[in-house]
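Chain by chain, the residues run as shown.
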Amino acid sequence: MNIAIDGPAGAGKSTVAQQVAGKLGYLYIDTGSMYRALAWAVHHYEIPVDNEEEVSRLLEKNTIRLERDQGEQRVFWNDTDVTRLIRTPEVSEYASIVASYPAVREQMLVLQRKMAQRGNVVMDGRDIGTHVLPDAEVKIFLTASIQERARRRWSELRAKGNDPQLSDMEKEIAERDHRDMNREVAPLRQAEDAVLVDTTGISIEQVVDRILQICYRTGESQL
Ligand code: DC
């Protein structure tokens with residue numbers, strides 16, 4: 001069985017997807033980290049981010065690899081471990097830009113489908129249920145209000161010792177939502193056969209339980 005989890009930034013996708021994968025003994029694949037790795041390289045090598053052709057060529061000529069290390073996903077750009085480097089505001093901004101390029105998305109689609117070929121994966125992103133794995137047995141669209149998502153990002157950043165403004169977070173999230181939902185290729189939207197799970201005001205455990213129940217039900221109906 002393959003499980004696709006899509007939704008906007010800050011809905012809790014990666015935490016939830018990781019826990020669901022852990023409980024089921026499935027492989028977790030965070031596709032956002034692949035766009036982030038490319039974004040990191042664009043920034044690091046000072047490639048003009050608005051030049052789709054150059055950005056796409058950079059991806060073509062290099063490799064992005066995801067590895068599991070003690071239950072955690074590590075991200076490599078060629079042989080450089082960029083796991084931590086891709087979690088900065090600049091990389092988030094760049095990732096959203098490079099993810100809007102058709103030539104980039106086409107390459108990512110091929111890479112991501114290859115990763116899911118073995119089956120039993122939980123893949124999270126924006127277009128997994130709609131484009132990457134349209135045949136996934138379970139599709140979840142995870143969301144939460146902008147205020148709640150901004151609050152979550154805000155506490156994450158504070159826990160890391162930063163002092164962000166909540167209003168800036170809300171603005172940033174609304175902007176990213178807008179860009180992700182309105183791009184021409186594979187915009188963020190709920191697949192017709194996806195189950196909507198709103199995480200506003202519910203705990204991670206409750207969300208994970210709800211998704212596991214959906215998975216068990218789907219598994220039983222396929223026996
Ligand atoms: O989930 P995230 O914040 O790590 O994703 C980084 C960016 O990549 C975000 O702007 C959305 C984009 N993305 C995408 O377009 N398609 C995916 N499957 C995953 C992420």
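## Digging into the pairing of strand β3 (residues 64-69)
Sheet topology places β3 next to strand β4 (residues 72-77); six bridges connect them, and they run antiparallel. For isoleucine 64, the partnering residue across the bridge sits in β4 and is tryptophan 77. Turn length for the β3-β4 hairpin, with the two strands adjacent in sequence and antiparallel, is two residues, and the turn residue glutamine 70 shows positive phi of about 50°.

## Comments concerning the site of the ligand
In the vicinity of the ligand lie 16 residues, with Arg36, Arg105, Arg126, Asp127 and Arg183 positioned nearest. Between threonine 31 and the ligand, the recorded distance is 3.0 Å, taken from a side-chain N or O atom to a nitrogen atom. In the complex, 96% of the free accessible area of the ligand, which totals 450 Å², lies under the protein chains. Among the secondary structure elements, those contributing two or more residues to the shell around the ligand are α2 (31-44), α4 (89-98) and α8 (166-182). When residues of the shell around the ligand are assigned to their parent elements, the largest contribution, four residues, is made by α2. In the shell around the ligand, the residues fall into four nonpolar, four polar and eight charged.

## Things to note about the sheet that holds strand β1 (residues 3-6)
The strand order across the open sheet built from five strands is β2-β6-β1-β7-β8, with neighbouring strands paired in parallel fashion. Each having just a single partner strand, β2 (27-30) and β8 (195-198) make up the two edges of the open sheet. Going from strand to strand, the sheet's axes swing by 20° on average, the running direction of each strand aside. When β1 meets strand β6 (residues 121-125), the two strands line up parallel, connected through four bridges. If you follow isoleucine 5 over to β6, its bridge partner there is aspartate 124. With respect to the sheet, helix α1 (residues 13-24) is in contact with β1, β2, β6 and β7 (138-143), its orientation differing from that of β6 by roughly 175°.

## Section: the nonpolar core
Among the nonpolar cores identified, the biggest contains 36 residues, and Leu38 and Trp77 are the most heavily contacted of them. When residues of this core are traced back to their parent elements, those giving at least two are α2, α3 (52-60), β3, β4, α4, α5 (102-116), β6 and α6 (128-132). Take this core: its biggest share by element is eight residues, from α2. Ile3, Ala11, Ala17 and Ile211 belong to the second-largest nonpolar core, a separate cluster that totals 20 residues.

The rules behind the values
- Residues numbered from 1 in each chain as written.
- Predicted model: local features only at pLDDT ≥ 70, side-chain atom pairs only at ≥ 80, totals over all residues.
- Heavy atoms only, no water.
- Pairing = 2+ DSSP bridges.
- Helix = DSSP H or I, 4+ residues; strand = E, 2+ residues; numbered from the N terminus.
- Near = heavy atom within 4 Å.
- Polar contact = N/O pair within 3.5 Å; in protein donor to acceptor, adjacent residues only side chain to side chain.
- Areas by Shrake-Rupley, 256 points an atom, 1.4 Å probe, with all protein chains shown as cover.
- Nonpolar A, V, L, I, M, F, W, Y, C, P; charged D, E, K, R; others polar.
- Axes fitted to C-alpha atoms, helices over the stretch in contact; angles between N-to-C directions.
- Contact = heavy atoms within 4.5 Å.
- Core = buried A, V, L, I, M, F, W, Y, C linked by side-chain atoms within 4.5 Å.
- Buried < 20%, exposed > 50% of the residue type's maximum accessible area, 1.4 Å probe, protein only.

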